[in-house]
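Survey of secondary and tertiary structure
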Amino acid sequence: MKKTIIICIAAFQLLSCNSKKRQEEDNIVSIDSVSTNNEIDPIRVFEGTLPCADCNGIQTVLKVNIVDNNFELTSIYEGKSPEKKIVEKGNLNTEKGLDKDKDGTIYILNWDKPQTEQIYYGYYSNNPEKLYRLDRDKKTIKSQLHYFLELNE
């Protein structure tokens, strides 16, 4: 009788350990599947039309690779005859802090070139889908015109 009780207890413990192990494996699988589904794409594409003094607007596409720290900036000057298209590629660096938003981000295009060749864009932490063209002091351009690009998803 004692042997039967001991065998029953041992069998119960083995079964309970296996169910915990199976439950842990299920949790690991679900965590792995969630993390692969929510991976952030390293390339972000922003598009929009920036103001132009002597044309109808500058159709702009900025591709930012946040892993390789490089960019591709395509600008098409609309209304020019012939239409002028400029494609620029280079290295990218980031800085924290945009205006009063310490968690905002600034993209410095051509950061490894002289300051006169650098281009600045930035976004606020509460709206990373809207990328603002910045002036030489890395501040947003105060204007009624639209100096921003929007994230293309």
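Residues numbered from 1 in each chain as written. Predicted model: local features only at pLDDT ≥ 70, side-chain atom pairs only at ≥ 80, totals over all residues. Heavy atoms only, no water.

Once that is clear, we can look at the packing of aromatic side chains. Using the criterion set out here, one finds three aromatic pairs in the structure. Here Tyr124 and Tyr132 contribute two aromatic rings whose centre-to-centre distance is 5.6 Å and whose plane-to-plane angle is 70 degrees, an arrangement assigned as edge-to-face. An aromatic cluster is present here, built from Tyr124, Tyr132 and Phe148 joined pairwise through their rings. Just above the ring of Tyr77 sits the side chain of Lys84; from NZ or CZ to the centre is 5.5 Å. Seen from the ring of Phe148, Lys130 lies directly overhead, with NZ or CZ sitting 4.2 Å from the centre. (Phe/Tyr/Trp six-rings, centres within 6.5 Å; stacked < 30°, edge-to-face > 60°. Lys NZ or Arg CZ within 6 Å of the ring centre and 35° of its normal.)

Moving on, we get to unusual backbone geometry. Apart from glycine, the bulk of residues carry a negative phi angle, and the bulk of peptide bonds sit in the trans form. Even without glycine at this site, Asp99 takes up a positive phi of about 55 degrees. Within the fold, Asp99 resides in the loop between β4 (84–98) and β5 (101–109). With a relative accessible area of 31%, Asp99 lands in the partly exposed category. (Helix = DSSP H or I, 4+ residues; strand = E, 2+ residues; numbered from the N terminus. Buried < 20%, exposed > 50% of the residue type's maximum accessible area, 1.4 Å probe, protein only.)

One can find Asn65 in strand β2 (residues 57–65). Of the residues examined, Asn65 reaches a relative accessible area of 11% and is grouped as buried. Reaching out from Asn65, the side chain makes a polar contact with the backbone nitrogen of Val67 at a distance of 3.0 Å. When residues no more than four places from it in sequence are discounted, the contact partners of Asn65 are Pro42, Ile43, Asn70 and Leu92. (Polar contact = N/O pair within 3.5 Å; in protein donor to acceptor, adjacent residues only side chain to side chain. Contact = heavy atoms within 4.5 Å.)

Moving on to the nonpolar core. Residues Leu62, Leu73, Tyr107, Leu109, Tyr121, Leu131 and Leu149 are the most contacted members of the largest nonpolar core, which totals 17 residues. Every element with two or more residues in this core is listed here: β1 (43–50), β2, β3 (70–78), β5 and β6 (119–124). Ignoring sequence-local partners within four residues, the contact set of Leu73 consists of Thr60, Val61, Leu62, Ile86, Val87, Glu88, Leu109, Ile119 and Tyr121. Grouped together as the second largest cluster of nonpolar side chains are five residues, Ile106, Ile108, Tyr120 and Leu134 included. (Core = buried A, V, L, I, M, F, W, Y, C linked by side-chain atoms within 4.5 Å.)

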